[in-house]
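Chain by chain, the residues:
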Amino acid sequence: MDGNRTEPDVMPGWTSTGLRWREGVPRLTAARGAEERDREIGAGTRIDWEVAGPRRCTGIRTAHRHHPCPASASLDPAGKSGQCPSCQDADPGLALARDRVVDDGRTYRLYLAWFGPGLAKVGLTAEQRGSARLLEQAAPAWTFLARGPLPGVRRAELTVARSGLARERFTTKAKNQGWWHLPGQRERAEAVRALRERVLPVLAGHAVELFPDGPVVDQVELFGLAGGPPPVYREVTALSDGARLSGVLRAPVGGQLFLTPDQVPGAAGEAVPLLLDTRLLTGWTLRPCAPAPCTGLTEVPRSRPVEQTALF
């Protein structure tokens, strides 16, 4: 699977390094040594994978290439990090996220991401990355608030977070629960604009260029969530050596995949979709296999919350 070449499916000996959005397109990436390849995936994509272990650290990706983990360190099958502690410490992207980079000379943008009522997030991204960060985070709706050098944008981010109008982080679980409560597109846009009007005065005096009338981008249709998530699904929480994933994908939601397994012959009712966070795939070797039932997975059931009616 590479940035210049793509493969029709996974290849023996290639290790999954995650799902990334490049130029607005979701691509599953895999590496063998320092070489990396990718494959576009989307709604209707057929997958038939056998997961082979042991699960190993995926190393570090820089702007120029992929660097394998020198220790080929083992990873927890249920962990969502595809890196060992040593590679995490050396990763330039994580250094930025952990505030270990004071300034790198690049221009950054401050964004406001909306994941549902009461789920507003403020964050920053390098301007050269465009909207990739918002696609990776599966933000249903978002807008840019400001731009400037890293120190100024980081201070603006902290100011917004301390105001209580938006938070710097939400768990994946909280974001996924927001899928059940998404209003219509007009209401989503209005919610983002109303929040922006409250945030901008907080940023007065900051050394950044403000965007008071920037467009609100809606990604719900892109993620296949216009009708909400499947009313019942099973969330994968861990893979094991020899696990099998087989079926047809819905549109990727950031870094998560809804997979509709093949109907088992003789089984009653429709097959229950699976939700897989692709971070759980990182570090495993993926091999093509014949269509088969999904096995070797640790799962938890999820279903649409019951709307509680008022007592009075």
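Overview of the structure. (Residues numbered from 1 in each chain as written. Predicted model: local features only at pLDDT ≥ 70, side-chain atom pairs only at ≥ 80, totals over all residues. Heavy atoms only, no water.)

1. Looking at the pairing of strand β14 (residues 274-277)
As a reminder, the rule being used: Residue burial is assigned from relative accessible area. The probe radius is 1.4 Å, only protein chains are included, and a residue is buried under 20% of its type maximum, exposed over 50%, and partly exposed in between. Elements are defined by DSSP. Helices are runs of H or I of four residues or more, strands are runs of E of two residues or more, and each kind is numbered from the N terminus. For two strands to count as paired, DSSP must find a minimum of two bridges between them.
Alternating residues of β14 divide into L274 and L276 and L275 and D277, and every residue in both groups is buried. As paired strands, strand β12 (residues 232-249) and β14 are joined by two bridges and run parallel to one another. Within β14, the residue paired with R234 across the bridge is L274. Note that strand β13 (residues 256-261) and β14 share four bridges and pair antiparallel. Across the sheet, residue L259 finds its bridge partner in β14, namely L274.

2. A word on empty space enclosed by the protein
Left-over empty space is what a probe sized like a water molecule reveals as it rolls over the atoms. We count it as follows: The pocket and cavity definitions rest on a 1 Å grid over protein atoms only: a 1.4 Å probe that fits but cannot leave marks a cavity, an open set with protein on both sides within 12 Å along at least five of seven lines marks a pocket, and residues lining either have an atom within 4 Å of a point. Grid points are joined across faces, edges and corners, and a volume is the space filled by probe spheres set on the points. Three categories are distinguished: nonpolar for Ala, Val, Leu, Ile, Met, Phe, Trp, Tyr, Cys and Pro, charged for Asp, Glu, Lys and Arg, and polar for the others, with Gly belonging to the last.
In this structure, the largest cavity occupies an estimated 50 Å³ of space. Along the walls of the largest cavity sit I47, V236, L245, L249, L257, L259, L274 and L276, which together make up its complete lining. The set of elements that each furnish at least two residues to the lining of the largest cavity consists of β12, β13 and β14. A total of three residues in the lining of the largest cavity trace back to one element, the largest contributor, which is β12. Split by residue class, the lining of the largest cavity holds eight nonpolar, no polar and no charged.

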